[in-house]
Amino acid sequence: MAVEKRPHLGDATRGRILYGGDYNPEQWPEETWPEDVRLMRAAGVNSVTLGVFSWAKLEPRPGERDFGWLDRLMDLMHDNGIGVVLATPTSSPPPWMGHLHPDTLPVTEDGRTEYWGGRQHFSHSSATYRRYAAAITEDLAARYGGHPALTMWHINNEYCTYDWSDEAAARFRTWLQDRYGSLDALNSAWGTAFWSQGYGDWAEVHTPRNAHYMKNPSQVLDFKRFTSDMLLECYLAERDIVRLATPHTPVTSNFMPLWVGQDAWRWAEEEDVVSVDLYPDPRDPLGAQQGALVQDMTRSQARGPWMLMEQAAGPVNWRGVNHPKPHGLNRLWSLQAVARGADAVCYFQWRQSRQGAEKFHSGMVSHAGEEGRTYQEIKRLGAELAAISGQVTGRHTAHDVAVLHDWHAWWAGAQDGRLSNQVDYPDVLKAWHRALWEAHLTTDFAHPEHDLTAYKVVVVPQLYALTDAAIDNLLAYVRQGGTLVSGFLTGVADEDDRVRPGGMDTRLRELFGIRTLHEWWPLDAGEYADCDTFRGTLWSEEIDKTEDAAAEASYKGGELDGLPAVLRRGRAWYLSTLPEPGALRELLAGIATGAGARPVLDGLPDQVEAVRRGDLLFLLHHGREPVTVPVPGTHHDLLTGTAVTDRLTLDRYGVAVLRT
Ligand code: GAL
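Since the structure is predicted, the reported quantities are computational estimates derived from the model, not experimental observations.

**Section: the domain arrangement of the protein**
Interface size is often expressed as the accessible area that is lost when the parts come together. You can read the domains of the protein as domain 1 (7–17 + 281–394), domain 2 (46–273), domain 3 (401–594) and domain 4 (608–659). Computed over C-alpha atoms only, the centres of domain 3 and domain 4 are separated by 35 Å.

Here is the structure:
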C-alpha cells in the first residue's frame, strides 16, 4: 500500500525562515499597500497571513462574493516575492449571519447568547454556521488554490469557543452515544447514583449548564472533551476542503499557548504544520522560561520544526498594564524560538491598527512608522534571520528529558470539589519546566501514552487522571531502564474521574514504594511543609513507605514529622510536595545527571540559556549586564561572522549562534 506523504512546513519555507505576520490591509486605503510592500521588502518579510478576519469583506451579503481586493493583494504579494498564508475567515462571522441565523451564535453556561460585535461568536455545533463556513472555504480554495503566492492554509484562528446551546446539547448527546453506546454505560461512567442523577432517557442529558450546586465532574469532563472534538470537527471540515483542492499545500490552525480548551496532542495529528501564538509578558522575570515551555511543547507536538504564527513586536493590549519590549528583547525572544525549533517567526500584526479594539496593540510597523524603533528592530532581525536561515531550517534535535502533559488529566483534575484550589495545573507544570530550564536541560513534552523509550528521564509534574494504557506505559518505561520522577496527585483517578482504590493506582504505588497513602495534607497559600533538606509548598502527604523504598527527604516537624516527602524505589521517584524552586532544580538536576542526561553546557551563568539545534549552539542572554560565557573550543558565530575561542561575552539581551 502506498504511504501518503503529507506536505509539511518545509514546503512553505523552502529553506528560508518564514518572516512576517498577519496582514490586514482591508483596514487601510489601497494607496497604503505599495508602501506596506516597500517596508516589507526592506525588512526581509517573506510571508504574510491574509484574510483572518475578512469574512464580512469577502461575503458582504449571504452568498455574495467580493474577491477583487484579495485578487489584487495576492498578485501584489507574488510580484514582490512574498508568500501568502491564506486564512479561512471563519472565526469571525459577518453581522448578517447572527442577525439572520441566531442559531449560529453560541450560548453561555447561564443561557445568555453571545452576540456579534466582537469576534469568535460562532457555535461549533451550528449546522448553519458550518454550512456557511464550508461554502466560503470552498470558494477560497477554488479561487486561490492555484495562485503562485499561496504557501499554506491557515484554518480559522485560535479555535476556543464553548457552547451550551440546545443545538450543542443535541450534538453532545450523539457524541455521548458514540462514546458510551448505552445509557447504562453513561450512568456508570458519570457515577450518577450520586445525588439522584440517574438518566432514564437520552433527552434528559444536557450540556452542564448552571446548576444550584457543584456539577457532576464526569459530565463536565466529557463536556470539555466534546468541546475540543467539536472544534476539531469544524477544523477538519475546512481542512478537508482545502486539502482536496490543494493536496500539496500544508495546512495549519494556530494554537494558543497551553490553552485549556483544545487537546492539542490530538489536534496536532491532524495538522501539516503545528503553529502557536506566543505573548510572554516583557515584565515577567520568568517570561523567557514561559516562552521556552510553549516552544518545547509546540516542537514536541510538531515532532520537528514548527511555526511561531503570532507574537508581538511591542506591547499587547489585553493585560491590565501593557508594557513595550525593551530594546533587543524582540530579537532575543525571536531567536529563542528559532533555537527551540521554529522555522517561522511571525507576528500579529504587520501594521498597527488605527481603529478597532486592538489599536493600541503593537504591530511590526507601529504608529511611529518607518522611523520608529519597533520597525527598525524588525528590519535588523529580518536581515539576521535571512543570514542564518540556510543553516537552521528543517533541523530537529532530540533531547534526553521529557515532561509529560495531558489535557484530559488537566480537565479531570481542575474540578470543583477538590481538596485545594491552590493547586493550579499550569502552575505546577511551569514550576517543573522551570527547574529543568534553569538546570540547562532542554526538554521535550510527551503524552503519557507516547513511546518514551528514547528518553533518559521522564518527569510527571502532575497527571491526576491516567488511563490503564498510560500506567502500563510508565511501568514499561521504568522496567526498560528509564528514570521516572513523579509529582503528587498523579494516578489518582481513571479516565472517567473515578478514584482508584487506595487513592492512587496500586501499580503506581508499588512502583514508587508507597505502602499506604493515608491522607492528603494540602497547604494554604504561603504555608510551607518543612523537610530535612528543603521547604515544600502547595501540598504534603501522609505516606507509609514499603521496605524496599528509600526516603530521600522527610517531613520535619508538624503532623507529618519523620514521614517520607521524597520517595525513591530504584529508578522511580515520587515527590509528595512541591519543593521551592531552587530545591526542585537541584533535585531534578541531580536525578538527571544520575540518569546520564547532561546540561547543554557546563558553567553557564544564571541568565544565559543554551540550546542546541542540529550542529548549532544558541546562547541567549536574558539579563541586562554583560556576561562572559565559557564555550570550550573554537567556533564560528553566524550572527557576527567572527571566530570565538573558549569564551565569549554577551551584552544585554545578547545572542550568539555558534557552529563548532
Ligand atoms: C491573538 C489573535 C490575534 C490578536 C492577538 C493580539 O490571540 O489571534 O488576532 O488578537 O491575539 O495579541
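**Overview of the pattern of salt bridges**
Applying the stated criterion across every chain yields a total of 42 salt bridges. Put simply, arginine 299 and aspartate 444 hold a salt bridge, and the shortest N to O gap is 2.9 Å. You can see arginine 299 sitting in helix α11 (residues 287–302) and its partner aspartate 444 sitting in strand β11 (residues 443–446), a full 145 residues away along the chain. What you see here is one network of salt bridges that share partners, running through Arg239, Asp240, Arg266, Glu269 and Glu270.

**Structural notes on the UniProt feature "domain: Glycoside hydrolase family 42 N-terminal" (unreviewed entry) in the protein**
If you check UniProt for "domain: Glycoside hydrolase family 42 N-terminal" (unreviewed entry), the listed places come out as residues 22–387 in our numbering. As annotated, residues 22–387 has a helix share of 41% and a strand share of 9%, and its two end C-alpha atoms lie 23 Å apart.

**With respect to a nonpolar patch on the surface**
Together, Phe194, Trp195 and Tyr213 give the surface a local cluster of nonpolar side chains, amounting to about 390 Å² of exposed area. Topologically, phenylalanine 194 is positioned in the loop between α8 (183–190) and α9 (217–245).

**Here we look at the environment of aspartate 416**
Mapped onto the elements of the fold, aspartate 416 is located in the loop between α14 (407–413) and α15 (425–438). Relative accessible area serves as the criterion here: at 60%, aspartate 416 is assigned to the exposed category. C-alpha separation for the pair aspartate 416 and serine 91, spaced 325 residues apart in sequence, amounts to 31 Å.

**Examining the side chain of aspartate 222**
Relative to the helices and strands, aspartate 222 resides in helix α9. Setting aside anything within four residues of it in sequence, one finds aspartate 222 in contact with Phe172, Trp175, Leu176, Arg179, Tyr180 and Trp190.

**Points about the packing of aromatic side chains**
Scanning all chains against the criterion turns up 26 aromatic pairs. When the ring of tryptophan 164 is compared with that of phenylalanine 223, the centres are 5.1 Å apart and the planes differ by 35 degrees; the resulting orientation is tilted. Of this pair, tryptophan 164 sits in the loop between β4 (150–154) and α7 (166–180) while phenylalanine 223 sits in helix α9, and the two are 59 residues apart along the sequence. Comparing tryptophan 164 with phenylalanine 223, the two get one shared label, buried.

**Here's the deal with the sheet that holds strand β25 (residues 642–650)**
Sheet architecture is open: five strands sit in the order β22-β23-β26-β24-β25, paired in antiparallel fashion. Looking along the sheet, the strands with just one partner apiece sit at the ends: β22 (608–613) and β25. Along the sheet, successive strands turn relative to each other by an average axial angle of 20 degrees, direction set aside. Across nine bridges, the pairing between strand β24 (residues 627–637) and β25 is antiparallel. Paired with threonine 634 across the strands is threonine 645, a residue of β25. Where helix α12 (residues 329–339) meets the sheet, its contacts fall on β22, β23 (616–621) and β26 (655–659), and the angle it forms with β23 comes to roughly 150 degrees.

**Remarks on the site of the ligand**
Close to the ligand lie Phe53, Arg119, Asn157, Glu158, Asp277, Tyr279, Glu310, Trp318, Phe348, Glu358 and His361. In this structure, glutamate 358 approaches the ligand through a side-chain N or O atom, which is 2.5 Å from an oxygen atom. Side-chain polar atom of histidine 361 to an oxygen atom of the ligand: 2.7 Å apart, as the coordinates give it. For the ligand, whose unbound accessible area comes to 310 Å², protein coverage reaches 95%. Across the shell around the ligand, the residue classes tally to four nonpolar, two polar and five charged. Residues lining the shell around the ligand come from more than one domain, with at least three contributed by each of domain 1 (7–17 + 281–394) and domain 2 (46–273).

**Some remarks on α8**
Every buried residue belonging to α8 is among Leu183, Leu186, Asn187, Ala189 and Trp190, and all of these are buried. Looking down the long axis of α8, one finds its buried residues gathered within 165 degrees of arc, a one-sided arrangement. Looking at the buried residues of α8, the elements they touch are α7 and α9. After α8 finishes, the residue glycine 191 shows a positive phi value of roughly 55 degrees.

**Overview of the sheet that holds strand β8 (residues 306–310)**
The strand order β5-β4-β3-β2-β1-β9-β8-β7-β6 describes an open sheet built from nine strands, whose pairing is parallel. Lying at the two open borders of the sheet, with one neighbouring strand each, are β5 (251–252) and β6 (254–255). Where β6 and strand β7 (residues 275–277) come together, two bridges link them in parallel fashion. When the bridges of β7 are listed, phenylalanine 255 appears paired with valine 276.

Rules and cut-offs
- Residues numbered from 1 in each chain as written.
- Predicted model: local features only at pLDDT ≥ 70, side-chain atom pairs only at ≥ 80, totals over all residues.
- Heavy atoms only, no water.
- Domains from an automatic or database assignment.
- Salt bridge = Lys/Arg side-chain N within 4 Å of Asp/Glu carboxyl O.
- Helix = DSSP H or I, 4+ residues; strand = E, 2+ residues; numbered from the N terminus.
- UniProt positions renumbered as here; feature names shortened; annotations may be inferred.
- Patch = residues over 30% accessible without salt bridge, like charges linked within 9 Å, V, L, I, M, F, W, Y side chains within 5 Å.
- Areas by Shrake-Rupley, 256 points an atom, 1.4 Å probe, with all protein chains shown as cover.
- Buried < 20%, exposed > 50% of the residue type's maximum accessible area, 1.4 Å probe, protein only.
- Contact = heavy atoms within 4.5 Å.
- Phe/Tyr/Trp six-rings, centres within 6.5 Å; stacked < 30°, edge-to-face > 60°.
- Pairing = 2+ DSSP bridges.
- Axes fitted to C-alpha atoms, helices over the stretch in contact; angles between N-to-C directions.
- Near = heavy atom within 4 Å.
- Polar contact = N/O pair within 3.5 Å; in protein donor to acceptor, adjacent residues only side chain to side chain.
- Nonpolar A, V, L, I, M, F, W, Y, C, P; charged D, E, K, R; others polar.
- Arc of directions from axis to C-beta.

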